[in-house]
Amino acid sequence: MKTILKLESVSLSYHTKDGEVPALKNVSFEVKSGEFVSVIGPSGCGKTSILSLIAGLIKPDEGRIVFNEKEVKKPDKAIGYMLQRDELFPWRTIEQNVFLPLEISKNKDASRKKEVLSLLDKYGLKDFKRSYPQQLSGGMRQRAALIRTLSTSPDLLLLDEPFSALDYQTRLAVCDDVYSIIKNENKTAVLVTHDISEAIATSDKIIALTKRPSSILDIHVTETDKTLSPLKRREDANFGKTFEILWRELNDEN
Amino acid sequence: MKTNEKRSEKQALYLKKIKKNKIFVNILRVLIAVIFFGLWELATDLEIIDGFLMSSPSRIIKTIGELLADGSLYVHVFTTLYETLAGFILATVVGTTVALAMWWSENFRKIIEPYIIVLNGLPKIALGPIIIVWFGNGINSIVFMAFLTAVIVTTITMINGFLACENSKIMLLKSMGANKLQILTKLVLPSSLPTFISCLKINVGMAWIGSIIGEYLTSRQGIGYLIVYGGQVFKLDLVMASTLILCLLAGVMYALVSLAEKLFLKKY
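Described in the following lines is the structure provided in the data block. (Residues numbered from 1 in each chain as written. Chains lettered and ligands numbered in written order. Predicted model: local features only at pLDDT ≥ 70, side-chain atom pairs only at ≥ 80, totals over all residues. Heavy atoms only, no water.)

1. Topic: the pattern of salt bridges
Residues and elements named next belong to chain A.
- Here the structure, examined in full by the defined rule, presents 21 salt bridges over all chains.
- Notably, a salt bridge pairs glutamate 35 with lysine 205, separated by 3.6 Å at the nearest N-O pair. With glutamate 35 in the loop between β2 (19–32) and β3 (36–40) and lysine 205 in strand β9 (residues 205–209), this residue pair connects regions lying 170 residues apart in the sequence.
- Judged by its relative accessible area of 16%, glutamate 35 is buried.
- A residue is classified by how much of its surface remains accessible, and lysine 205, at 11% relative accessible area, is buried.
- Two residues, aspartate 177 and arginine 143, come together in a salt bridge whose shortest N-O distance is 2.6 Å. (Salt bridge = Lys/Arg side-chain N within 4 Å of Asp/Glu carboxyl O. Helix = DSSP H or I, 4+ residues; strand = E, 2+ residues; numbered from the N terminus. Buried < 20%, exposed > 50% of the residue type's maximum accessible area, 1.4 Å probe, protein only.)

2. Observations concerning the nonpolar core
- Ranked by internal contacts, the top residues of the largest apolar core, which has 59 residues, are Leu5, Leu7, Ile50 and Leu158 of chain A together with Leu173 of chain B.
- Sort the elements by how many residues they give to this core and helix α7 (residues 139–163) of chain B lands first, with seven residues.
- Beyond its immediate chain neighbours, meaning those up to four positions away, leucine 158 of chain A contacts Leu51, Ile54, Ala55, Ile79, Gly80, Tyr81, Met82 and Val190 of chain A.
- Formed by 31 residues, the second largest nonpolar core is a distinct cluster that contains Ala145, Leu157, Cys175 and Tyr179 of chain A. (Core = buried A, V, L, I, M, F, W, Y, C linked by side-chain atoms within 4.5 Å. Contact = heavy atoms within 4.5 Å.)

3. Description of the pairing of β3 of chain A
All names here are of chain A.
- For β3, the tally of buried residues reaches five of five residues, placing the bulk of the element in the interior.
- Of the two faces of β3, the one carrying Phe36, Ser38 and Ile40 and the one carrying Val37 and Val39 are both buried.
- Where β3 and strand β8 (residues 188–192) come together, four bridges link them in parallel fashion. From the neighbouring strand, serine 38 faces β8, where its bridge partner is leucine 191.
- Here four bridges tie β3 to β9, and the two strands are oriented parallel to one another. (Pairing = 2+ DSSP bridges.)

4. Some thoughts on the sheet that holds strand β4 (residues 62–67) of chain A
Residues and elements named next belong to chain A.
- The four strands are arranged β2-β1-β4-β5 in an open sheet whose pairing can be described as antiparallel. Unpaired on one side and paired on the other, β2 and β5 (70–71) mark the two borders of the sheet.
- Both strand β1 (residues 3–16) and β2 contribute to a ladder of ten bridges, which runs antiparallel. Within the sheet, the bridge partner assigned to threonine 16 lies in β2 and is glycine 19.

5. Details of the interface of chain A and chain B
- On the side of chain B, 18 residues touch chain A, which itself brings 21 residues to the contact.
- Taken over both partners, the interface formed by chain A and chain B buries close to 1,900 Å², and the fraction arising from carbon and sulfur atoms is 67%.
- On inspection of chain A and its partner chain B, the count reaches three salt bridges.
- One can count five residue pairs in polar contact (both at pLDDT 80 or more) joining chain A with chain B.
- Of all elements in the fold, only β6 (79–82) and α2 (94–104) of chain A reach the threshold of two or more residues within the side of chain A that touches chain B.
- The biggest single contributor to the side of chain A that touches chain B is α2 of chain A, with four residues.
- Tallied by class, residues from the side of chain A that touches chain B come to 13 nonpolar, two polar and six charged. (Buried area = accessible area lost by both parts, 1.4 Å probe. Polar contact = N/O pair within 3.5 Å; in protein donor to acceptor, adjacent residues only side chain to side chain. Nonpolar A, V, L, I, M, F, W, Y, C, P; charged D, E, K, R; others polar.)

6. A few points about the sheet that holds β3 of chain A
Residue and element names in this part refer to chain A.
- One open sheet accounts for six strands, arranged β6-β7-β8-β3-β9-β10; its pairing is mixed. With partners counted over all chains shown, the strands left at the sheet margins are β6 and β10 (216–221), one partner each. Here the average twist between neighbouring strands, direction ignored, is 15 degrees.
- Where strand β7 (residues 156–160) and β8 come together, five bridges link them in parallel fashion. By the bridge assignment for β8, aspartate 160 is matched with valine 192.
- Along the sheet, helix α1 (residues 47–54) makes contact with β3, β6, β7, β8 and β9, crossing β7 at roughly 150 degrees. (Axes fitted to C-alpha atoms, helices over the stretch in contact; angles between N-to-C directions.)

7. Details of unusual backbone geometry
- Residue proline 213 of chain A follows arginine 212 of chain A across a cis peptide bond; omega there is -10 degrees.
- Of note, proline 213 of chain A is situated in the loop between β9 and β10.
- Positive phi is not limited to glycine here, since glutamate 161 of chain A has a value of about 45 degrees.
- Within the secondary structure, glutamate 161 of chain A is located in the loop between β7 and α5 (168–184).
- Given the relative accessible area of 10%, glutamate 161 of chain A is considered buried.
- Backbone geometry at glutamate 47 of chain B places phi at a positive 55 degrees, although glycine is not the residue there.
- Note on placement: glutamate 47 of chain B falls in the loop between α1 (9–45) and α2 (51–54).

8. A few points about the side chain of asparagine 203 of chain B
- Within the secondary structure, asparagine 203 of chain B sits in helix α10 (residues 193–217).
- In contact with asparagine 203 of chain B, other than residues within four places in its own chain, are Phe88, Thr92, Ala150 and Thr154 of chain B.

9. Thoughts on the pairing of β8 of chain A
All names here are of chain A.
- In terms of residue burial, β8 counts as a mostly covered element, since five of its five residues are buried.
- Of the two faces of β8, the one carrying Thr188, Val190 and Val192 and the one carrying Ala189 and Leu191 are both buried.
- Each parallel crossover has a hand, and for β7 linked through α5 to β8 it is right-handed. (Right-handed = clockwise from strand over helix to strand, strands pointing away.)

The quantities given are spatial measurements derived from coordinates; they are silent on function.
What follows is the structure, given as structure tokens:
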């Protein structure tokens, strides 16, 4: 399969009054089209910075990021970003919320709007198009946020701990939900999480990072049965094995 | 959750309790006013207090009747209303515009901030003589006074509202490729609507302060003028009547803003 995203020896520092804080050091990895890749590492290690770099929100000090064979210089509507909280706008209906990226990119294509509406229908939000976010449950809101991300039909989805604000029960369900939608729509995804189980349950490939300044500790290809849902994969024999390896690696690192 | 199911007995009881409480509160509200004015009237009738110095409800009503009869009440009310409204609108427009500029350019904000803080601390009445010299002995000075009293607070409230906009939401819009104008119109302005409405509420009060102070300093008509005039010629009936009218006007204006709040803020 073709490589859709490539980080080539990326380094990044943050500048504050007190000095320079190195966040990433010489990070390189590749994501192939259709892959689900997770980035894990100790908290505050710069996982989110990797997503911000890919999204074109910040620029690396060294190295480059190549997406669809072009260097990333600014936000690209073929990349969708999903944050920790749903960030739905309370003054907009669900329908108006999911149209937001189309408004921003001034896409007035009626057929695109129709497709987005059909996504709402398809993923159980049909009766909530005209509802306001506060009328929906946490899981439904996160689903609406995913459809908003999908509205510009991106090739790559960046997921920044999108389940961490939910309670454990909902978290497992929404994770399954989001995973199946992403697979259904044939999207490539990069998930940032601090939850090792979540990473193993969802991913084809796991990138473990070291402490700050982060470099790559290990790139781990998971061997769980990919036909199963993330929830089911947690019962896979390989799940425990992978968990142990990653756990030890990350613990040694700390 | 709303349901169309038949209400249970307990629910009915609960609703009844709420209603009863509401009636109780309303009765007491009216009662306090009745007792206050009743005692006042009684005390002056029995000459426990001096009606000449303290006035009385009947004298106040008589005075308002006279003002109504010779038509001067309308002139005074209209004058003060005009000054207050003009000052209020000007302050809201200018204050919000300055706050927008401060949001747009961080450097502009940093540069202008100390001036705003100094102006905020300054009692606006101190500028009275300067305003009169610049704008003359008349209605323009008073409008400017009302404007000045409200504009700084508006600027400070609005810029704080704009800056309170969540960073993560701004990030999200940036990741969609939004430019600064889009961030402003799609996010910052709509999310600041509650701040704007509460700012209007503050401004109503501020503009009244400004216009009455302005009338104290220089005027030939208006509610503030009536109060000052009444005090100077020892017509306490006139002072009390004017104060009462002022209370009513300020109350109505505040109620109108509250109504706007209810209409606009349903979704927040």
